[in-house]
Amino acid sequence: MAYLRRHPEAVAQQDGSLSLVRARLTESIDAVRAGDRKRAGELALSAYLDGFEPIEPALIASDRTLMERIEGLMGEYRAAVQGETADALSKRVQVLDGMLDDAQAALSPDATSALSTFLGAATILLREGLEALLIVVAMIAFLCKAERMEVMPYVHAGWIGALLAGFLTWVVATWMIGISGASRELTEGFGSVFAAVVLLSVGIWMHGKAQADQWQRYIRERMSRALSGGSAWFLFALAFVVVYREVFETILFYAALWHQGNGGAILAGALSACIALTVMAWAMLRYSSRLPIGKFFIYSSWLMAVLTVVLAGKGISALQEAGIVGISPLHAVPRLSLVGFFPTVQTVAAQIVMIAVLSFGFALNRQKRR
């Protein structure tokens, strides 16, 4: 075990991990037949966290749709373990076996080209970086509008610190210890939930100030108190958490891609994504500086509201994958991971709660203005 942790390339072949998935699923069926459903549930969770989760980053780069289908079916299997018969579970496993065969083919060296690696590296960084970029740029634009440039270093320290922490995470994960699937999902889950709760309050606050009278007087008299001391450190914490969450996931994706080879294509994809994100950040800051302050706040409040709902769904989904939150499938609901929409009762309920709180907060703001 010590050797493998120091030489992850020794287990770069995916056959062993997929074999572990199959073995755990079979063992879980045997546990159901023996009447031990608690043990069956633990084995089903292990099949995902210990078997499928390690290859998930590489599979996302090769075939994201296949990865999401397998992930969804494994979640449904974990829920079914608590109630279905062993024969019904065996049929589910047969379907998963076919998809695992497809995953093994997608992960074979022959299926990986320089172009697919480049596109995978660029898409992953763009996808993961965009959420963090939207939040950090909104914070920077807000401070510029409020003329509170002395607080700006806290925000910059937050996202720069997250990048440095991400680099240290990469060093630790590559040369010192392995990062388990559960650790990854917990980091993503709790980070998303924290960011969602913070953005919920920020979005309602911004909406309430969108049409406030005498803005300049409000900024001079109130912002000095609102952005002093602990609040400035709170901005630091928010910037750090939202960026580190994305950096953490990106590092794991890139580590998986790197073991497949085509290092030049990976670096080219990462560089292209960085350039695209830089251009988007510049455009967003330039456009926001021209907006009247009232429109800036109303647009920002709706952006925060959308991101709140998205992150709430992603956070609960990650906690489900880590085994912290239960899974109750909704078969008639589509899976739209890009906007954090997953076909489970828990994720949909979390997003409904966020929408209800946002609607109440926005309605209360309109009532106050009247």
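Residues numbered from 1 in each chain as written. Predicted model: local features only at pLDDT ≥ 70, side-chain atom pairs only at ≥ 80, totals over all residues. Heavy atoms only, no water.

Caption draft 1: Spotlight on the packing of aromatic side chains. Taken as a whole and judged by the stated rule, the model has four aromatic pairs. Measuring from ring centre to ring centre gives 5.1 Å for Trp302 and Phe362, while their planes differ by 85 degrees; the resulting arrangement is edge-to-face. On the criterion of sequence distance, the pair formed by Trp302 in helix α12 (residues 293–321) and Phe362 in helix α13 (residues 345–369) is long-range, its members being 60 residues apart. Its relative accessible area of 4% is what places Phe362 among the buried residues. In this structure an aromatic cluster arises from ring pairing among Phe236, Phe240 and Tyr244. (Phe/Tyr/Trp six-rings, centres within 6.5 Å; stacked < 30°, edge-to-face > 60°. Helix = DSSP H or I, 4+ residues; strand = E, 2+ residues; numbered from the N terminus. Buried < 20%, exposed > 50% of the residue type's maximum accessible area, 1.4 Å probe, protein only.)

Caption draft 2: Here's a closer look at empty space enclosed by the protein. Following the criterion strictly, the structure yields two cavities of 30 Å³ or more and no others. Of the volumes computed, that of the largest cavity is approximately 280 Å³. Lining the largest cavity are 21 residues; nearest its centre among them are Arg64, Glu188, Glu249, Ser337 and Phe342. If you tally residues by element for the lining of the largest cavity, the top one is helix α4 (residues 56–80), at six residues. Within the lining of the largest cavity, the residues separate by chemical class into five nonpolar, two polar and 14 charged. If you add up the space inside the second largest cavity, you get close to 40 Å³. Around the second largest cavity, the lining residues are Glu131, Ala132, Ile135, Gly191, Ala195, Val242, Arg245, Glu246 and Leu311. Among the elements of the structure, α6 (114–145), α8 (181–208) and α10 (230–258) are those that each provide at least two residues to the lining of the second largest cavity. (1 Å grid on protein atoms, 1.4 Å probe; cavity = no way out; pocket = protein on both sides within 12 Å on 5 of 7 lines; lining within 4 Å. Points joined across faces, edges and corners; volume = space filled by probe spheres on them. Nonpolar A, V, L, I, M, F, W, Y, C, P; charged D, E, K, R; others polar.)

Caption draft 3: The arrangement of the packing of α6 against helix α11 (residues 263–290) in detail. Interhelical geometry of α6 versus α11 gives an angle of 25 degrees and a closest axis separation of 7 Å. It follows from the interaxial angle that α6 and α11 lie roughly parallel. As α6 runs across α11, the sense of the crossing is right-handed. (Axes fitted to C-alpha atoms, helices over the stretch in contact; angles between N-to-C directions. Parallel < 35°, antiparallel > 145°, perpendicular 65-115°, else oblique. Left-handed = near helix turned anticlockwise from the far one by under 90°.)

Caption draft 4: Examining the confidence of the model for the chain more closely. The predicted model of the chain has a mean per-residue pLDDT of 78, with 81% of residues at 70 or higher. At the level of individual helices and strands, the chain shows its lowest average pLDDT in helix α9 (residues 215–226), which scores 51, and its highest in helix α5 (residues 86–106), which scores 89. (pLDDT = per-residue confidence, 0-100.)

Caption draft 5: Representation of the nonpolar core within the structure. Formed by 45 residues in total, the largest nonpolar core has its most connected members in Phe52, Leu59, Ile70, Met74, Tyr77 and Tyr254. Of all the secondary-structure elements, those providing two or more residues to this core are α2 (15–33), α3 (37–52), α4, α5, α6, α10 and α11. Here the element with the most residues in this core is α4; it accounts for nine residues. In this structure, Ile135, Val136, Ile140 and Ala239 belong to the second largest nonpolar core, which totals 43 residues. (Core = buried A, V, L, I, M, F, W, Y, C linked by side-chain atoms within 4.5 Å.)

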